[in-house]
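# Fold and geometry: a report
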There are 2 protein chains.
Amino acid sequence: MQSILKYLADNESRFVDELCAYASIPGVSAQSQHAGDLRTSADWIAKRCETAGLKTVVHETAGNPIVVAKTPGHDSRKPTFVVYGHYDVQPAEPFDLWHSPPFQPRRVGRDVFARGISDNKGQHLAHLIAAEAWLKSGHELPCNLTFLIEGEEEVGSKALYGFLPGHTKELACDAVVISDNGIPSLKHPALTYALRGIAAFEIRLDGPSRDLHSGIYGGSLENPAMALCQLLAKLRDANGRITVPGFYDDVAKLSTYERRQLARVPYNEAKYRKFLGVPELFGEAGFTPDEQRSARPTFEINGLTSGYQGEGSKTIVPAWASAKVTMRLVPNQSPKKIIAAVKRHLQSLCPPTVRLTLKHGHGGEPYLVDPTGPLAKAALRALKSGFGHESVLLREGGSIPIVSAFKKHLTADTLLLGMALPDDNPHSPNEKFSLDAFAAGMRTSALLWPELAAA
Amino acid sequence: MQSILKYLADNESRFVDELCAYASIPGVSAQSQHAGDLRTSADWIAKRCETAGLKTVVHETAGNPIVVAKTPGHDSRKPTFVVYGHYDVQPAEPFDLWHSPPFQPRRVGRDVFARGISDNKGQHLAHLIAAEAWLKSGHELPCNLTFLIEGEEEVGSKALYGFLPGHTKELACDAVVISDNGIPSLKHPALTYALRGIAAFEIRLDGPSRDLHSGIYGGSLENPAMALCQLLAKLRDANGRITVPGFYDDVAKLSTYERRQLARVPYNEAKYRKFLGVPELFGEAGFTPDEQRSARPTFEINGLTSGYQGEGSKTIVPAWASAKVTMRLVPNQSPKKIIAAVKRHLQSLCPPTVRLTLKHGHGGEPYLVDPTGPLAKAALRALKSGFGHESVLLREGGSIPIVSAFKKHLTADTLLLGMALPDDNPHSPNEKFSLDAFAAGMRTSALLWPELAAA
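Bear in mind that the values here come from a model prediction, so they are computed numbers and not experimental data.

Time to look at the nonpolar core. One broad trend across soluble globular proteins is that nonpolar side chains are buried collectively. Within the largest apolar cluster, 242 residues are counted, with the highest numbers of intra-cluster contacts made by A:Leu191, A:Ala379, B:Leu191 and B:Ala379. If sequence neighbours within four positions are ignored, A:Ala379 has contacts with A:Leu191, A:Leu415, A:Leu417 and A:Leu448.

Below is the structure:
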């Protein structure tokens, strides 16, 4: 291993130059004027895969190209791992908030500022360079590697969802590795082993056939906005628990080990409260804020609409009221089952004075890799060696839908090994990537393959 | 009295012609292009007052003229009554929904269709004609009459509010009579003896300093939309009672007499429910729908606003949530006292996880004339004789703010003697006025003065 790590250390300045070259291509997938830049990005990373010694194919799609690159000489006796990344980036707007042009990478100490450098160019480039280090230093990789790098992650991965079912053989693997997320600090390298799922819907209550004069009629009919408030109010108790019958039935309990691991993540209540801008925190009783926002299911109202919302007042009983709602689900809750339970509960609670309509939105499964299983343990060991600090276990409160697609089509688990720091500003002005995280990420990736292959 | 009623009957076709002439002037106060038509309207009614035998002054104001016309030879031994009306009308839009041009009165049987003919030209013209009948048939009126006819009622009566304080002597009176409202049917002539007041405000709850990702943070902080729902939900119990402490303290109890009188108003639940378009009625337990919407106070949400309201979903914990609210108040509730009580209650209920802001809107006093007092009894007798049917007592759920101004500046009670029928379509296309109501209104007015003078 020493010569591989030496290769990484000796060539760091070249890798940083390459990172800057890659980050200078404005591959904004949301903006059609950047179609050419996305092609340039795909070509750049494909060529870089070739340079690293990989056999590379650029797959044309109805959208942006998908790059698939494999280590040479597939050995069916060895395990195979897929590394997923994306070369497209978020829009850079608003430009005037950037301290330097977003597509002219600017180095300040150990940080490099550029759009897309952390999300996701730097992170998958680190894996690619680690593979190169294995190949160029004359060592035999203990596994087969397949790099899968797409160009539509920031706009929903439509091309990739279409691509997966027809390329399951080409992408067959024992596990997927994704570095497209974060860690608490350089001293807290982390494996993210769980993601929350989601279930979205819209609740609408219809009352009178049109807005009514609240003076002439008010008092003799239900006010749909009040009915909606009373309906929604009943869905969460004073302890922050969702009151839908059966809601918690399938929730996987946090083990003592998991809670102890999550507690190792640095946390400062005053700082967190200030960051959110709230006068006081609130969450499900019996759980820490980190647990509440990653390992516990939620019921969130995302929007409320009813009646008059303009200036001043309008004296009406509104004809209807509606709420947009998303629930975050955790392993092993099923979006389908939860939506059915909520629907039943709302129907049973809804007064006969209004008409209830429930519109289903999207659903997404929660995700969990056994944090005490061999894959997780292997990843934790590689992280510890790569970063030089004890690694922690994290749960992510959001959803990464592609993980479920990999599970479905490749029947493979995903290991999430983030390299982004909390102040990397992904999706915001002045995005940056830490060269220390870049270097530690490369080392971790180099160390990961023998750990995973032996697991 | 017979010769006076004969005068009214004998000249009816002339009065209908006059009504049509008056209704053909498009005095839309909300539209500046009709400024000249408002002047023409004021001149028309002023001239008509002169023809009736009244001493008439057209007062210039910063807005539209105010017409004041008095019976000749003021006799200070007799009581004085003010008849209030307005010559301005609502906009006629949307024109395409009218079956005939809104300012070309069209007679169909005993109805005449035209904008403003019911609201309010026909109703004050009936009073004016009744006064003419007294004067032209050689009888001595048992009272002094002052007609006060303004041209900005449909846009807030700004000129009249400015005019009143400086003209209290000219308008001094023992009571005010207004016919600018409705009755259940020609067989149910009605005195409206009470109006609800109003108190408006806006409740806003602020949570995080910006919309937050509901996946990353949701669960660890209060959702302001949920907090708003839970706050508002607590303000009304399952019996439809407002839970604000002290809210009902000053509510004047409906007497057995009043309830019996209100019960005489024709009511059909299935028809009413269908008219509102609701699956089931709802209101404060222990009261009929007519009582709930006129004699009982309410707390109505007029609008709800929070977070994302566009298409699809947006997975956020919204930064804030707000509700527009108006409460209808009844005698003897005070808007000031009620607003203070609600404010205290909301502050005591608001969780420490959000910041509460309460913005006061307008307030309006409720209004009540003793339904068993001499003025009310006199009016009920006149109505019965004028319409030929037993009269009923009504409460109006809305507010007529000018009534409070008359109370304040003239220290005079107001009798509300509507002539409009439920299908008159005021403020809507195809407004009409019933010539039977017109004739009954004239007779009632002629009969009213001796009754009131003797009361």
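Text resumes after the structure shown.
Here we come to the sheet that holds strand S18 (residues 432–434) of chain A. Backbone hydrogen bonds hold the strands of a sheet together, and the pairing may be parallel or antiparallel. Residue and element names in this part refer to chain A. Ordered in space as S4-S5-S18, the 3 strands form an open sheet in which the pairing is antiparallel. The open sheet is flanked by strand S4 (106–108) and S18, the only strands paired with a single partner. Ignoring strand direction, the axes of neighbouring strands in this sheet form an average angle of 25°. Of the pairings in the sheet, the one linking S4 to strand S5 (residues 111–113) comprises 3 bridges and is antiparallel in character. Among the inter-strand pairings, arginine 107 is bridged to a residue of S5, identified as valine 112.

Residues and elements named next belong to chain A. Domain assignment breaks chain A into domain 1 (2–195 + 366–454) and domain 2 (197–251 + 297–364). A C-alpha centroid distance of 40 Å is found between domain 1 and domain 2. Taken together, the contact between domain 1 and domain 2 spans 7 residues of the former and 8 residues of the latter. Residues that form the side of domain 1 that touches domain 2 fall into these classes: 4 nonpolar, 3 polar and no charged.

Attention now moves to the interface of chain A and chain B. Counting residues at the interface gives 65 residues for chain A and 65 residues for chain B. Mapped onto the side of chain A that touches chain B, the elements with two or more residues apiece are strand S10 (212–213), helix H6 (224–233), helix H9 (289–292), strand S11 (298–307), strand S12 (316–317), strand S13 (320–329) and strand S14 (355–364) of chain A. Broken down by element, the residue count for the side of chain A that touches chain B peaks at 9 residues, all from S11(A). The class makeup of the residues in the side of chain A that touches chain B is 25 nonpolar, 28 polar and 12 charged. Sheet topology places S11(A) next to strand S11 (residues 298–307) of chain B; 5 bridges connect them, and they run antiparallel. The residue bridging A:Ser306 from the neighbouring strand is B:Leu304, located in S11(B).

As a further point, take the relation of the copies chain A and chain B. Expressed as a screw operation, the relation of chain A to chain B combines 0.1 Å of axial shift with a rotation of 180°, fitting to an RMSD of 0.1 Å. What we have between these two chains is a two-fold relation. The C-alpha atom lying nearest the rotation axis in chain A is that of A:Cys229; the distance is 2.1 Å. Interface overlap between copies is the fraction of interface residues in one copy that are interface residues in the other; for chain A against chain B it reaches 100%, indicating a shared surface.

Another point: unusual backbone geometry. Here A:Pro331 and A:Asn332 are connected by a cis peptide whose omega angle stands at 5°. Secondary-structure assignment places A:Asn332 in the loop between S13 and helix H10 (335–349). Looking along the chain, the bond that leaves B:Glu93 and enters B:Pro94 is cis, with omega of -5°. Inspection of the secondary structure assignment puts B:Pro94 in the loop between strand S3 (80–86) and strand S4 (106–108). We note that A:Ser157 has phi near 55°; this positive angle belongs to a residue other than glycine. Along the chain, the position of A:Ser157 falls in the loop between strand S6 (144–150) and helix H5 (158–163). With phi around 55°, A:Asn425 is a residue other than glycine that occupies positive phi space.

This paragraph deals with the packing of helix H1 (residues 2–10) of chain A against helix H13 (residues 435–454) of chain A. All names here are of chain A. Contact geometry of H1 with H13 gives a least axis separation of 10 Å together with a crossing angle of 155°. In terms of orientation, H1 and H13 fall into the roughly antiparallel class. In this structure, the crossing between H1 and H13 has a hand that is right-handed. Across the interface between the two elements, Ile4, Leu5 and Leu8 of H1 pack against Met442, Arg443 and Ala446 of H13. Its residues assigned to classes, the contact of H1 with H13 shows 5 nonpolar, no polar and 1 charged.

A few words now on the packing of H1(A) against helix H4 (residues 117–136) of chain A. All names here are of chain A. Relative to each other, H1 and H4 sit at 125°, their axes nearing to 9 Å. By the criterion of interaxial angle, the relationship of H1 to H4 is oblique. Crossing hand, H1 versus H4: right-handed. Across the interface between the two elements, Ile4, Tyr7 and Leu8 of H1 pack against Ile129, Ala133, Trp134 and Lys136 of H4. Considering only residue class, the contact of H1 with H4 consists of 6 nonpolar, no polar and 1 charged.

About the cut-offs
- Residues numbered from 1 in each chain as written.
- Chains lettered and ligands numbered in written order.
- Predicted model: local features only at pLDDT ≥ 70, side-chain atom pairs only at ≥ 80, totals over all residues.
- Core = buried A, V, L, I, M, F, W, Y, C linked by C-beta atoms within 7 Å.
- Buried ≥ 20, exposed ≤ 12 C-beta atoms within 10 Å, placed from the backbone.
- Contact = placed C-beta atoms within 7 Å.
- Pairing = 2+ DSSP bridges.
- Helix = DSSP H or I, 4+ residues; strand = E, 2+ residues; numbered from the N terminus.
- Axes fitted to C-alpha atoms, helices over the stretch in contact; angles between N-to-C directions.
- Domains from an automatic or database assignment.
- Nonpolar A, V, L, I, M, F, W, Y, C, P; charged D, E, K, R; others polar.
- Least-squares fit on C-alpha atoms with pLDDT ≥ 70 in both.
- Parallel < 35°, antiparallel > 145°, perpendicular 65-115°, else oblique.
- Left-handed = near helix turned anticlockwise from the far one by under 90°.

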